[in-house]
Each structure stands twice: as C-alpha cells, then as structure tokens.
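# Per-entry structural report
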Amino acid sequence: MTADIYAMSQEIIELQTRVAELSVALETVTEQRDSNRDIADSLFVELESTKAKLAIANSVIDRLRLHIAQGVEL
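The rules behind the values
- Residues numbered from 1 in each chain as written.
- Predicted model: local features only at pLDDT ≥ 70, side-chain atom pairs only at ≥ 80, totals over all residues.
- Heavy atoms only, no water.
- Helix = DSSP H or I, 4+ residues; strand = E, 2+ residues; numbered from the N terminus.
- Rg over C-alpha atoms; globule rule 2.2 N^0.38 Å.
- Buried < 20%, exposed > 50% of the residue type's maximum accessible area, 1.4 Å probe, protein only.
- Areas by Shrake-Rupley, 256 points an atom, 1.4 Å probe, with all protein chains shown as cover.
- Lys, Arg positive; Asp, Glu negative; His and termini not counted.
- Charge placed at Lys NZ, Arg CZ, Asp CG, Glu CD.
- Salt bridge = Lys/Arg side-chain N within 4 Å of Asp/Glu carboxyl O.
- Patch = residues over 30% accessible without salt bridge, like charges linked within 9 Å, V, L, I, M, F, W, Y side chains within 5 Å.

### Topic: the overall build of the protein chain
- Looking only at helices and strands, the protein chain has one helix and zero strands in total.
- Here the protein chain has a C-alpha radius of gyration of 31 Å; the compact-globule value for 74 residues is 11 Å, and the former is much larger.
- The buried share of the protein chain, reckoned over its 74 residues, is 0%.
- Total accessible area on the protein chain stands at roughly 6800 Å², and carbon and sulfur atoms take up 62% of it.
- Charge-centre separation for the protein chain: the mean point of 7 positive side chains lies 15 Å from the mean point of 13 negative side chains.

### Considering the pattern of salt bridges
- Scanning all chains against the criterion turns up three salt bridges.
- Ionic pairing is found between glutamate 21 and arginine 18, a salt bridge with its closest N-O pair at 3.5 Å. Of this pair, glutamate 21 and arginine 18 both sit in helix 1 (residues 2-70), separated by three residues, roughly a single helical turn.
- On the basis of relative accessibility, which here comes to 45%, the residue arginine 18 falls in the partly exposed class.

### What about a nonpolar patch on the surface?
- Taken together, the side chains of Ile56, Val60, Leu64 and Ile68 make up a nonpolar region of the molecular surface, amounting to roughly 360 Å² of accessible area.
- Considering the arrangement of structural elements, one finds leucine 64 in helix 1.

### Here we look at the environment of valine 45
- Structurally, the position occupied by valine 45 is in helix 1.
- On the basis of relative accessible area, valine 45 is assigned to the exposed category, the value being 56%.
- C-alpha separation for the pair valine 45 and valine 60, spaced 15 residues apart in sequence, amounts to 23 Å.

The quantities given are spatial measurements derived from coordinates; they are silent on function.
Now the structure itself:
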C-alpha cells in the first residue's frame, strides 16, 4: 500500500511540474499574442496613412495628366 501512495505522490509531483510548465508556456504565448496585436494595430494605422497619401498622390497625378492633355504649361 505504501508503494501505491509513493507512486501517487510522485505522479502528483510530476503533474504539478507539468502544470507549472504549461502555465509558463501560456504566459509566454499570451505575451507574444499581445505584442503581435500591438504590432498589427500599428501596421493597420500605417496602412491607412499610406492609403491616404496614395489617394492624394493619385489625385495630383490625375490633375497633372489633365493639364498635360489640355496643353497647360506647368
């Protein structure tokens, strides 16, 4: 009977160790997820800014094309 108790005690210790390892792994993954979210948010803001600048550039190019087509001196 003592061997069974000892084996159960060892199994509990192993399971507690595994839970601790999984907790550390979960914390690491959570930190990486949060970091990746921050990076994604930053990239989204940069993308929107770039889209706005591109729209302005396209507008300028369209006006320049129109002036060139009309023979306007630049």
